[in-house]
Amino acid sequence: MQSDTLHFERQDEKGIITLNRPDVLNALNNQFFTDLTGILDALEKDPVRIIIITGSGKAFAAGADIAEMAGMTRVQAREFSRHGQSVFQRLEDWEYPVIAAVNGYALGGGCELCMACDIRIASAVAKFGQPEAKLGLIPGFGATQRLVQHVGFGNALYMLTSGRNISAEEAQRMGLVQEITEPDQLMERAHKFAGEILTSGPEAVKKVKLVIRKSASSSLPAGYELESNQFGALFEEEGTEGMKAFLEKRKPAW
Ligand code: HXC
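The paragraphs below set out a description of the structure included in this document. (Residues numbered from 1 in each chain as written. Predicted model: local features only at pLDDT ≥ 70, side-chain atom pairs only at ≥ 80, totals over all residues. Heavy atoms only, no water.)

Moving on: the pairing of strand 7 (residues 119–123). Along strand 7, five of the five residues are buried, which leaves the element largely enclosed by surrounding structure. Here strand 7 shows two buried faces, one formed by Ile119, Ile121 and Ser123 and the other by Arg120 and Ala122. As judged from the three bridges shared by strand 7 and strand 10 (residues 179–181), these two strands associate in the parallel manner. The residue of strand 10 that forms the bridge with Ile121 is Glu179. (Buried < 20%, exposed > 50% of the residue type's maximum accessible area, 1.4 Å probe, protein only. Helix = DSSP H or I, 4+ residues; strand = E, 2+ residues; numbered from the N terminus. Pairing = 2+ DSSP bridges.)

Before going further, it helps to spend a moment on the sheet that holds strand 9 (residues 165–167). Across the sheet, which stays open at both edges, the four strands sit in the order 4-6-8-9 with mixed pairing between neighbours. The sheet is open, and its two borders are formed by strand 4 (59–61) and strand 9, each paired with just one other strand. On average, each strand axis in the sheet is inclined to that of its neighbour by 20 degrees, with strand direction left out of account. Strand contacts of helix 4 (residues 109–116): strand 4, strand 6 (105–107) and strand 8 (127–129), with the helix running at about 95 degrees to strand 6, the strand carrying the most contacts. (Axes fitted to C-alpha atoms, helices over the stretch in contact; angles between N-to-C directions. Contact = heavy atoms within 4.5 Å.)

Here the focus is the side chain of Asp35. Mapped onto the elements, Asp35 comes out in helix 1 (residues 30–45). It turns out Asp35 is buried and unbridged, and the closest side chain with the opposite charge, Arg21, is 8.2 Å from it. Polar contacts involving the side chain of Asp35 include one to the side chain of Thr5, which spans 2.7 Å. Once residues within four sequence positions are removed from consideration, Asp35 is found in contact with Ser3, Asp4, Thr5 and Leu6. (Lys, Arg positive; Asp, Glu negative; His and termini not counted. Salt bridge = Lys/Arg side-chain N within 4 Å of Asp/Glu carboxyl O. Polar contact = N/O pair within 3.5 Å; in protein donor to acceptor, adjacent residues only side chain to side chain.)

Now for unusual backbone geometry. Here Asp12, not a glycine, exhibits a phi torsion of approximately 55 degrees, which is positive. Mapped onto the elements, Asp12 comes out in the loop between strand 1 (6–11) and strand 2 (14–19). Phi is positive for Lys249, which is not a glycine, with a value near 55 degrees. Checked against the element boundaries, Lys249 lands in the segment after helix 10 (238–247). Residue classification places Lys249 among the exposed residues on the basis of a relative accessible area of 78%.

Geometry only, nothing functional implied.
Structure below.
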């Protein structure tokens, strides 16, 4: 599937989304959000078990499209923010894991996109940042919420007030990035990790994401309750096969 802003390809149980406006460093415009919504709609009808998102050219995404934003009124800007927030929330809520393979600049909205993914694997040349304050703006696609969850208040304000870009290594130290690879091995590494996830129980993977994501915005007792319920449910689902396979010294047949 090809659109003006995205390329989508299925590879067995994986779906690979490539941001495809390299001339403007994959800047995120309204069309991008419409196109991403179209892909998520299609995947809802015909799911894959993992999504990998990456960028073409030298950027993952260098932020929201400044040329498009510059002409917006206050009301249009608020709508653009809300639209982006809701599409990224939908990505975060996607039932299976989403991996960001961050090939280059992940700035502003681009950093917000990778934070809406579950796992970030970065090229050693990737740069992360929220430079909105340099434009006299603040983030609008969720960074004020998600960046704090990823790196804590101090690091979030360090990045958000200065607008400073940080290296992949610094991002990993802060907890934003899970793995760093050589640039030419990025996609291979992302596929390898996706393959590791695919050998886990599909229901267990879905449930652990659900519990973690839902618990982030609920109380501790509610989180524990959800955990126990989902743990118990697996004893009527694939958990029985997983444990049986272990005891019989064979691979589980999911
Ligand atoms: C529109 C962009 C863009 C962007 C780059 N381009 N980023 N166009 N929106 N966010 C365009 C440039 O204008 C240029 O077009 C082309 O892409 C290549 O970029 P260069 O600047 O020439 O490349 P380089 O010198 O390598 O510098 C890379 C860069 C720089 C450091 C990433 O492009 C940059 O600072 N970009 C802006 C980053 C940013 O401020 N992002 C936050 C946006 S606000 P031409 O036509 O000249 O070739 C945001 C808010 C989100 O994300 C929330 C909204 C609700």
